[in-house]
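# Coordinates in review
Here are the chains, one letter per residue:
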Amino acid sequence: RAYLVGVELKGTHSLIPVEDSLEELTRLADTAGIDVIGRTSQSLDRPNAATYIGPGKIEEIKALVEELKADVVIFDDELSPRHQRELEKIFGDNIKIIDRTALILDIFALHARTREGKLQVELAQLEYRVPRLPRLWTHLARQAGGRAGGSTGGVGVRGPGETQLESDRREIGHRISAIKRELEDVRAHRERHRAKRQQTELQVVAIVGYTNAGKSTLLNWLSDAHVLSADMLFATLDPTTRKGKMPGGREVLFTDTVGFIQKLPTEIVAAFRATLEEIAEADLLLHGVDATHPNAIAQIDAVEDTLAELEVDRLPLVTALNKADLLPPGRNPVLELDIEGPAVVVSAQTGQGMDLLLTAVEAVMVQLMQPLHVRLPYKRGDLLSMLYERGQVDSEKHTGDGVEVYGRLPARLIPYFQPYLLANT
């Protein structure tokens, strides 16, 4: 049973108003199996140095927590180790104090399915916990005043609390190093797999978006995949790649990625970097947006901020304004959200607008291709097939010594046709 606490800092820009952010925190808590029984917020010039919120607010929350029989207090922002330590002293041993970051890490731990996903979550959790270890050993810190075992010791001799703390830090440090080595192996394997996949020369569309925007449902419709899709935050963590077909007949690869969220913990972004590299290797981004959400604009901004952090905001992008089946009649989210670039209103649940979305994606991908003018010998039917399957043929003329073709092709495939390029290409 949790009580939620949000803080609005005056003079700072927040993507989402504090009340809406607390509503999102409620959904996160629900995803983690926590029952939210109340919430409050405070407007501050700056966080309290010791306790994050003011002492008067703390007393108010303590009384409410006791009255409502809550056993967890969740803060909507990341608490510093000092804030957490002081708050735990005030609220006592029976009330757990956690922050948004710890809650998101807990949800990731619940939903991680693959070996890679579990390693990434464990790494993020350990790196979050290391600076917060001292509070675990405060009950030992002043015992004996000297060596473990009770013998007296001089100035500077460590007590048992510090000894245990150092031991734990060392153990966690070893574990972090081991996980990072394992993740490097996973990363190398992923790169080899990606290189092998690129040998098929299919273009890649990475599906990105805010958590619960319907990305997995989009993937299922676009590629006839059977990926878990559920109305919950961070339902899927591990990237999934499936083959799909464009209206013109060409095949492409669609990759579903982990959802983003405002205040996404830096530990998560760092730990999931290998997974998120799938986005960087894409030819095009398909941004799934929940067009029904009251904070859709802020969610779009949060995704764009994360893409910029990953340095992939240079990639061409098509927007899928999803959940059209839930929109009131007459609503036009393209105008309301002021979307730049190609945008299509769709419902991945019912299929509404999905053909138009594929047409928009194909149009952008064709623009990315380079024009090509070749004369292929009749014996190189394999290259002609590649042109039809991977590119676009505008005209084809049969001559005495081969097939002359005007078309377009992804830049990485041009070298295959180098011997047969005609002078005006």
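Residues numbered from 1 in each chain as written. Predicted model: local features only at pLDDT ≥ 70, side-chain atom pairs only at ≥ 80, totals over all residues. Heavy atoms only, no water.

## A few points about the overall build of the protein chain
In terms of helices and strands, the protein chain carries 13 helices and 13 strands. A buried classification covers 51% of the 425 residues belonging to the protein chain. For the protein chain, the exposed surface amounts to about 20,700 Å²; the carbon and sulfur share of it is 50%. (Helix = DSSP H or I, 4+ residues; strand = E, 2+ residues; numbered from the N terminus. Buried < 20%, exposed > 50% of the residue type's maximum accessible area, 1.4 Å probe, protein only. Areas by Shrake-Rupley, 256 points an atom, 1.4 Å probe, with all protein chains shown as cover.)

## Thoughts on the nonpolar core
Of all hydrophobic cores here, the largest spans 58 residues; its most connected members are I74, L103, F260 and I279. Sequence-distant contacts of L103, defined by excluding residues within four places in its chain, comprise L25, L28, A29, A32, I34 and I74. Counting residues in each nonpolar core, the second largest holds 22 residues, with I207, L219, V346 and M354 among its members. (Core = buried A, V, L, I, M, F, W, Y, C linked by side-chain atoms within 4.5 Å. Contact = heavy atoms within 4.5 Å.)

## Topic: the packing of aromatic side chains
A full pass over the atoms with the stated rule returns one aromatic pair. Plain terms: the ring middles of Y52 and F75 are 6.3 Å apart, the flat faces sit at 80 degrees to each other, and that makes the pair edge-to-face. Taken together, the residues span a long stretch of sequence, with Y52 in the loop between β2 (36-44) and α2 (55-68) and F75 in strand β3 (residues 72-75) at a distance of 23 residues. The pair Y52 / F75 is uniform in exposure class, with both members buried. The positively charged end of R132 is found above the aromatic ring belonging to Y128, 3.9 Å away from the centroid. (Phe/Tyr/Trp six-rings, centres within 6.5 Å; stacked < 30°, edge-to-face > 60°. Lys NZ or Arg CZ within 6 Å of the ring centre and 35° of its normal.)

## Brief notes about the environment of R85
Here R85 shows up in helix α3 (residues 81-91). Taking the C-alpha atoms as reference points, R85 and R132, 47 residues apart in sequence, are found 8.2 Å from one another.

## Examining the packing of α2 against α3
Where α2 contacts α3, the two axes come as close as 11 Å, and the packing angle between them is 50 degrees. The pairing of α2 with α3 is recorded here as oblique in orientation. Of the two possible hands of crossing, α2 and α3 adopt the one that is right-handed. Across from I58, I61 and K62 in α2, the residues of α3 making contact are L87, I90 and F91. Counted by class, the contact of α2 with α3 contains five nonpolar, no polar and one charged residues. (Axes fitted to C-alpha atoms, helices over the stretch in contact; angles between N-to-C directions. Parallel < 35°, antiparallel > 145°, perpendicular 65-115°, else oblique. Left-handed = near helix turned anticlockwise from the far one by under 90°. Nonpolar A, V, L, I, M, F, W, Y, C, P; charged D, E, K, R; others polar.)

## Observations concerning the pattern of salt bridges
Scanning all chains against the criterion turns up 20 salt bridges. Across the pair E78 and R132 runs a salt bridge, and its minimum N-O distance is 3.6 Å. Of this pair, E78 sits in the loop between β3 and α3 while R132 sits in the loop between α5 (115-129) and α6 (160-199); the two residues are 54 residues apart in sequence, bridging distant segments of the chain. Two residues, R175 and E122, come together in a salt bridge whose shortest N-O distance is 2.8 Å. In this pair, R175 sits in helix α6 while E122 sits in helix α5, placing the two residues 53 residues apart along the sequence. The exposure class assigned to E122 is partly exposed, which follows from its relative accessible area of 25%. A single salt-bridge network, built from bridges that share partners, covers E24, D76, D77, R100 and K263. (Salt bridge = Lys/Arg side-chain N within 4 Å of Asp/Glu carboxyl O.)

## Observations regarding the environment of D106
Secondary-structure assignment places D106 in helix α4 (residues 100-111). Once the C-alpha coordinates of D106 and L28 are considered, the two residues, 78 residues apart in sequence, prove to be 9.9 Å apart. With residues up to four places along the chain from it excluded, the contact list for D106 reads A32 and Q125.

## A word on the sheet that holds strand β7 (residues 251-256)
Ordered in space as β6-β7-β5-β8-β9-β10, the six strands form an open sheet in which the pairing is mixed. Pairing within the sheet leaves two strands with one partner each, and these edge strands are β6 (240-245) and β10 (343-345). On average, each strand axis in the sheet is tilted by 25 degrees relative to the strand beside it, whichever way the strands run. Of the strand pairs in this sheet, strand β5 (residues 203-209) and strand β8 (residues 284-290) are connected by five bridges, and their pairing is parallel. Bridge assignment links V205 to a residue of β8, and that residue is L284. Sheet strands in contact with helix α10 (residues 296-309) are β5, β8 and β9 (317-322), and its direction is about 150 degrees off that of β8. Against the sheet, helix α12 (residues 354-368) contacts β5, β6, β7, β8, β9 and β10, and its axis sits at roughly 170 degrees relative to β9. (Pairing = 2+ DSSP bridges.)

## A short note on the sheet that holds strand β12 (residues 392-399)
Think of a sheet as strands paired side by side through backbone hydrogen bonds, with each pair either parallel or antiparallel. As summarised here, the arrangement of the three strands in space is β11-β13-β12, forming an open sheet in which the pairing is antiparallel. The two strands at the open ends of the sheet, each matched to only one other strand, are β11 (370-376) and β12. Pairs of neighbouring strands in the sheet enclose a mean axial angle of 10 degrees, with direction left out of account. Here seven bridges tie β12 to strand β13 (residues 402-409), and the two strands are oriented antiparallel to one another. What sits directly across from Q392, in β13, is R408.

## Notes on the pairing of β5
On a regular strand, each side chain points to the face opposite its neighbour's, so the side chains alternate between the two faces of the sheet. Most of β5 is tucked away, with seven of its seven residues classed as buried. Neither face of β5 is open: one carries Q203, V205, I207 and G209, the other V204, A206 and V208, and all of them are buried. Direction of pairing for β5 relative to β7: parallel, over a ladder of five bridges. Across the sheet, the residue bridging to I207 is D256, located in β7.

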